[in-house]
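# Overview (structure and organization)
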Amino acid sequence: MTDLGSIFSLALSLVISGDQQLYSIIVLSLRVTLTAVLLGCLVGIPLGAALATYRFPGRGAAIAVLNAFMGLPPVVVGLAVYLMLSRSGPFGVLGLLYTPTAMIIAQAILVTPLIAALSRQSLADLHTEYDDLFRSLRLRPSDKIRALIWEGRYGLSTAALAGFGRAIAEVGAVIIVGGNIEHVTRVMTTAIALETSKGDLALALALGLILVTIAIAVNAAVLSLNRTARRLAYA
Amino acid sequence: MLERVAATTAQNGSAPIDAKSGRPPMFPIATRGMTLRDRGRVLLDRVSLTLDQGTRTVIMGPNGAGKSLTLRAIHGLIRPDEGDITWAGRPTDADVLSRQAMVFQKPMLLRRSARANIEFVLRSAGRTTSNQLVDGILARARLIHVAASPARLLSGGEQQRLAIARALALEPDLLFLDEPCANLDPASTLAVEDMIERARTAGAKIVLVTHDIGQARRIADDVVFMSSGRVLEHSAAAAFFDKPKSSAAEAYLAGRLYIDPAASSR
C-alpha cells in the first residue's frame, strides 16, 4: 500500500492539474445535487410554510410523518425509484434509469422532507410573530405563505444547506438508480466508493478533498450570508 | 364622515351608499352581548358597545380587563363565542374588514426596509405603489430619512411611527391602536399622537387602547372603561375624567388596585 503522504501529493496534483475525468465527475455531482436541492426547495419550502401556517385535521400526523421522512434510508429511496423507473415499472417507458435525471429524482425525494421539516420549524416562529399582522391585512393564503417565506428567507437558507449536505454526500440512492457509469452517471461519492474498492486511493482521496472543500465553502457562504442578514436585522 | 353618507340607494339593493366612496356606511359599530370564554374562564362578558363615526374612542381599564380582546374581536382577529357585531346594521363582511387597520403594541415590522414595509401593505391591498406615494407616506411619518434602512434597526419610536404609517397607508375608515405608545419616550409618544390626530382629521374613526391616563385625556372624545371583561362605563371623556360612575374606574384613575367582587365570584 502506498504511504499516506504520497497519496495526498498525488491527490493534490490531480486537483491542480485540472484532470479531465476528475472535473467531469465534480461538475456532474454539482449539477445533480443543486438541481435536486432546487426541486426540494420548490416543493419543501411551500410545504413547510403551509404546515407552519395552517391548522387542519391530521396536521400533527403530517408533521410527524415529515419529521420521520427526514431520516429516509437512501438505499430504500434508491430502490423505490429504481422500481418506478425500471423497464417493468410504471415510468419505465421514460427510459430514465441510469441517467442523471434518475439520480436527481432520487436525491430530490431524499432532500424534500428534510427541507420541508426544517422550513416548517424555521417558519413556525415567524408565523407566530406575524400572524396578527397578516390576518389584520386580510392576506390571502397564498400571499401569506409567500410573505412568510420571504420574511424567513435567511433562515430557510439553512434548510437548503442541510438539503445540499445530504444530497452531495449521498451514495446509496444514486448508485442504485445511476449505476455509476463513467462519464454518464459517475459522481463524487460513487467514484470514491469505486476507486477505493479498486485501490486507486489517490483519485478517491482527491475527490474526497474536493467534496469536503465544497461542503466547507457552501457552509461558509451561507454562514456569511446569515451573518450579514442578522446585522441588518433581516434574519 | 357621516355627512359624506348620502341617503342614496345601492343599485342592486336597499343599503344606502356613501356618495364619495360609493361604499355602504359602516358606522355606527355595535357589539351586542359579545362574550368570549377560554377554558371556562370568561374573558369578555356580554360586551355591548356602540362606536360612532368620527370620534376618538379610548378604551381603558386594568390589565386583564378585556380591552385588547374587544379590539381584536371587532377587528375580526378573534371570534366571540356569543353575541354579534354589526356595522351600520349589517353583519361583518369583506367590505368593512377591508376598510379598517390595526396598529399593535409591538410594531411587527417586516424584515425589510422601511420603504418596503409600506410597499408591502399597499401591494397586499391591491393598490398601486409609486415612489412618490411611498415617499409621501414616509415623509408624513417623518421617516423619509430612514426610508432605505432596515425597519427593525430603527429606534422604538421610529418603528412605531412606521407601523402607524403602514396602517394609514391603507387609508382606513377605522383605525384600531392597541397600546401603541406602551414603550415609547414622551417625545415619541407625542409624535405618535400627532399621527393619530392627522388620521382622525383625514376622516378615520380612532379606537385606542391605552393605560396612559394623560394620553387618554389628550386624545379621547369618549371613554370606554372595562374591568374583568365587562364594560362598566362608556361616557364622554370630560364626564368620565371628572366623575367616573363606577368605583372600579375611580380606583383606576386614582392609581389604586381594585379587586372586582364580581370577577372574584365568577
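To be clear, the structure that these remarks concern was listed above.
Report on the accompanying structure. (Residues numbered from 1 in each chain as written. Chains lettered and ligands numbered in written order. Predicted model: local features only at pLDDT ≥ 70, side-chain atom pairs only at ≥ 80, totals over all residues. Heavy atoms only, no water.)

What follows deals with the overall build of chain B. What chain B contains, in helices and strands, is ten helices and twelve strands. Relative to the globule expectation of 18 Å for 266 residues, the C-alpha radius of gyration of chain B, 19 Å, shows essentially globular dimensions. On the principal axes, the C-alpha backbone points of chain B span a range of 55 × 50 × 40 Å. Relative to its 266 residues, chain B shows a buried fraction of 52%. A separation of at least 24 residues holds for 66% of the contacts in chain B among residues at least 6 apart in sequence. For chain B, the exposed area adds up to about 12,000 Å²; of that, 51% sits on carbon and sulfur atoms. Each charge class in chain B was averaged separately, 35 positive and 28 negative side chains, and the resulting centres sit 4 Å apart. (Helix = DSSP H or I, 4+ residues; strand = E, 2+ residues; numbered from the N terminus. Rg over C-alpha atoms; globule rule 2.2 N^0.38 Å. Buried < 20%, exposed > 50% of the residue type's maximum accessible area, 1.4 Å probe, protein only. Contact = heavy atoms within 4.5 Å. Areas by Shrake-Rupley, 256 points an atom, 1.4 Å probe, with all protein chains shown as cover. Lys, Arg positive; Asp, Glu negative; His and termini not counted. Charge placed at Lys NZ, Arg CZ, Asp CG, Glu CD.)

In this complex, chain B contributes 23 residues to the contact, which on the side of chain A involves 20 residues. Between chain B and chain A, a total of about 2,000 Å² is buried, with carbon and sulfur atoms accounting for 54% of that surface. Linking chain B with chain A are four salt bridges. The closest approach of N and O atoms between Glu129(A) and Arg111(B), which form a salt bridge, is 3.1 Å. Taken together, the links from chain B to chain A amount to twelve residue pairs in polar contact (both at pLDDT 80 or more). (Buried area = accessible area lost by both parts, 1.4 Å probe. Salt bridge = Lys/Arg side-chain N within 4 Å of Asp/Glu carboxyl O. Polar contact = N/O pair within 3.5 Å; in protein donor to acceptor, adjacent residues only side chain to side chain.)

Turning our eyes to something else, we now look at the packing of aromatic side chains. In this structure the tally under the stated criterion is five aromatic pairs over all chains. Ring geometry for Phe134(A) and Phe120(B): centres 6.2 Å apart, planes at 45°, overall tilted. Taken as a pair, Phe134(A) in helix α5 (residues 100–136) and Phe120(B) in helix α3 (residues 114–124) lie in two separate chains rather than in one. Judged by its relative accessible area of 1%, Phe134(A) falls in the buried class. Members of the aromatic cluster, each reached through a chain of ring pairs, are Phe225(B), Phe240(B), Phe241(B) and Tyr252(B). (Phe/Tyr/Trp six-rings, centres within 6.5 Å; stacked < 30°, edge-to-face > 60°.)

So, on to the packing of α5(A) against helix α6 (residues 141–151) of chain A. All names here are of chain A. Where α5 meets α6, the closest approach of the two axes is 10 Å, and the angle between their N-to-C directions is 130°. Considered as vectors, α5 and α6 are oriented oblique to each other. Of the two possible hands of crossing, α5 and α6 adopt the one that is right-handed. Facing Leu-123, Leu-126, His-127, Tyr-130, Asp-131, Phe-134 and Arg-135 of α5, the residues of α6 in contact are Lys-144, Ala-147, Leu-148, Ile-149 and Glu-151. Residue classes in the contact of α5 with α6 are distributed as seven nonpolar, one polar and four charged. (Axes fitted to C-alpha atoms, helices over the stretch in contact; angles between N-to-C directions. Parallel < 35°, antiparallel > 145°, perpendicular 65-115°, else oblique. Left-handed = near helix turned anticlockwise from the far one by under 90°. Nonpolar A, V, L, I, M, F, W, Y, C, P; charged D, E, K, R; others polar.)

Residues and elements named next belong to chain B. Considered for burial, the residues of helix α9 (residues 247–254) that qualify are Ala-248, Ala-249, Ala-251 and Tyr-252. An end-on view of α9 places all buried positions within 160° of arc, on one side of the element. Of the surrounding elements, those touching the buried residues of α9 are β5 (56–60), α7 (213–219), β11 (222–227), β12 (230–236) and α8 (237–242). Where α9 ends, the next residue or the one after it, Gly-255, has phi of about 80°, a positive value. (Arc of directions from axis to C-beta.)

Further remarks concern the nonpolar core. Residues Phe134(A), Met188(A), Met60(B), Ile118(B) and Leu162(B) are the most contacted members of the largest nonpolar core, which totals 113 residues. If one sorts the elements of this core by residue count, helix α2 (residues 20–53) of chain A sits on top with eight residues. Beyond its immediate stretch of four places on either side in the chain, Met188(A) contacts Ile25(A), Ile26(A), Ser29(A), Ile168(A), Leu207(A), Ile210(A), Leu211(A) and Ile214(A). Leu28(A), Ala36(A), Val77(A) and Ala102(A) belong to the second largest nonpolar core, which has 19 residues in total. (Core = buried A, V, L, I, M, F, W, Y, C linked by side-chain atoms within 4.5 Å.)

This part covers the pairing of strand β9 (residues 174–178) of chain B. Residues and elements named next belong to chain B. Among the five residues that make up β9, five are buried, leaving the element largely enclosed by the rest of the structure. Residues Leu-174, Phe-176 and Asp-178 of β9 are buried on one face, and the alternating residues Leu-175 and Leu-177, pointing to the opposite face, are buried as well. Where strand β8 (residues 100–103) and β9 come together, four bridges link them in parallel fashion. Each bridged residue has a counterpart across the sheet, and for Val-103 the counterpart in β9 is Leu-177. Alignment of β9 against strand β10 (residues 205–209), held across five bridges, turns out to be parallel. Across the sheet, residue Leu-177 finds its bridge partner in β10, namely Leu-208. Remark: the β9/helix α6 (residues 186–201)/β10 crossover connection has right-handed handedness. (Pairing = 2+ DSSP bridges. Right-handed = clockwise from strand over helix to strand, strands pointing away.)

For the rest of this paragraph, the subject is the sheet that holds β8(B). Residues and elements named next belong to chain B. Sheet architecture is open: six strands sit in the order β8-β9-β10-β5-β11-β12, paired in mixed fashion. Of all strands in the sheet, those bounded by a partner on one side alone are β8 and β12. Strand-to-strand twist across the sheet, computed as the mean angle between neighbouring axes with direction ignored, equals 15°. Sheet topology places β5 next to β11; four bridges connect them, and they run parallel. Bridge pairing links Met-60 to Phe-225 in β11.

As a further point, take unusual backbone geometry. A cis geometry characterises the amide bond from Phe27(B) onward to Pro28(B), with omega recorded as 0°. Turning to its location among the elements, Pro28(B) is positioned in the loop between β2 (16–18) and β3 (29–38). Backbone geometry places Asn180(A), a non-glycine residue, at a positive phi of 55°. With respect to the helices, strands and loops of the structure, Asn180(A) is situated in the loop between α8 (172–178) and α9 (188–198). Phi is positive for Glu171(B), which is not a glycine, with a value near 50°. If you trace the backbone, Glu171(B) turns up in the loop between α5 (156–168) and β9. Owing to a relative accessible area of 62%, Glu171(B) belongs among the exposed residues under this scheme.

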